[in-house]
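The residues making up each chain are set out below.
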Amino acid sequence: MARHAGYSVQQVRNLERDGVLPPATRSPAGYRIYDEAHLRSALAYRALADGTGPAEAKRIMHAAHAQPGSDLLALLDAAHARLDRERRALTLAKEAAAAISGEPIDEVRPSDAMSVSELAAALGVRPSTLRHWDAEGLVVPRRAFPRGPRRYFPDDVRDARIVHQLRMAGYGVAPLQALLPELRRTHRWDEVTTTLAARDASINARSRALLDGAAALSTLIPPTRAVPREAAAGSQA
């Protein structure tokens with residue numbers, strides 16, 4: 001079983017203990033006996049773990065073994081929906097980052113500055129988010145004159161838009177702290193593009209793994225009974 005599934009012997013025991021595999025039968029001497037269903041369960045879990053993470057994959061496997069049906073399908077639908085949301089957000093982030101990278105910031109005038117509340121409204125975030133970015137040194141507002149109110153000048157606004165889009169794409173605070181100074185100096189947009197492309201590849205890999213896991217699961221559960229045409233028509237009505 002371990003050889004065919006690509007796990008160690010102890011990992012196979014752990015998967016059975018955690019409910020990822022159905023309980024094994026025992027030989028008269030007390031040895032575990034695994035069959036094709038156990039192997040398919042192990043392979044399904046491996047793919048699902050790559051697609052959704054181990055915790056969610058275990059929940060899906062528990063649903064598959066306990067009571068295949070609506071709970072199992074709902075969990076799979078939710079996993080696909082999360083990936084879809086990530087993919088949509090990433091597409092917007094890539095488009096926004098590409099557009100923002102070419103925006104010229106020429107003459108800076110005090111009249112072009114924005115307050116915290118104005119910039120928050122323009123980005124669609126809470127003022128507390130801007131204050132957090134300020135505390136982390138990502139986008140720090142300035143004062144037009146000593147003891148005056150803090151304002152975001154045009155180059156600060158551009159930085160805030162970049163941070164907002166890259167945060168949506170999954171860029172962490174620490175990488176942004178290292179990257180933003182370089183962007184301001186050298187405009188290393190190739191690195192931004194590379195990071196977003198890597199995120200895209202990750203989503204594609206997880207989506208494919210989820211597809212493979214669902215295909216393996218389909219061999220473990222009984223086929224869904226077809227809904228009579230009359231009932232389907234009544235439901236649509």
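One can find the structure itself at the top, above this paragraph.
What counts and what doesn't
Residues numbered from 1 in each chain as written. Predicted model: local features only at pLDDT ≥ 70, side-chain atom pairs only at ≥ 80, totals over all residues. Heavy atoms only, no water. Salt bridge = Lys/Arg side-chain N within 4 Å of Asp/Glu carboxyl O. Helix = DSSP H or I, 4+ residues; strand = E, 2+ residues; numbered from the N terminus. Buried < 20%, exposed > 50% of the residue type's maximum accessible area, 1.4 Å probe, protein only. Polar contact = N/O pair within 3.5 Å; in protein donor to acceptor, adjacent residues only side chain to side chain. Contact = heavy atoms within 4.5 Å. Phe/Tyr/Trp six-rings, centres within 6.5 Å; stacked < 30°, edge-to-face > 60°. Lys NZ or Arg CZ within 6 Å of the ring centre and 35° of its normal. Expected span 1.5 Å × (residues − 1). Arc of directions from axis to C-beta.

We now examine the pattern of salt bridges. In this structure the tally under the stated criterion is 14 salt bridges. When the shortest N-O distance is used, the salt bridge between R82 and E56 registers 3.8 Å. You can see R82 sitting in helix α5 (residues 70-101) and its partner E56 sitting in helix α4 (residues 54-66), a full 26 residues away along the chain. Exposure remark for R82: the relative accessible area of 32% places this residue in the partly exposed category.

The next thing to look at is the side chain of S41. As for its placement among the helices and strands, S41 is situated in helix α3 (residues 36-52). Here A37 takes part through its backbone oxygen, which lies 2.8 Å from a polar atom of the side chain of S41. When residues no more than four places from it in sequence are discounted, the contact partners of S41 are V20, L21, P22, M61, H65 and L220.

Our focus in this paragraph is the environment of R131. Structurally, the position occupied by R131 is in helix α7 (residues 127-135). Owing to a relative accessible area of 51%, R131 belongs among the exposed residues under this scheme. Spatially, the C-alpha atoms of R131 and V116 are 8.3 Å apart, while their sequence positions differ by 15 residues.

Throughout the structure, instances matching the rule amount to 0 aromatic pairs. Positioned above the aromatic ring of Y7 is the side chain of R46, whose terminal nitrogen or guanidinium carbon lies 4.2 Å from the ring centre.

Here α4 contains 13 residues, and its C-alpha end-to-end distance of 18 Å stays within 8% of the 18 Å for a straight helix at 1.5 Å per residue. The set of residues buried in α4 consists of E56, A57, I60, M61, A63 and A64. Each buried residue of α4 sits inside an arc of 160° when the element is viewed along its axis, so together they form one side.

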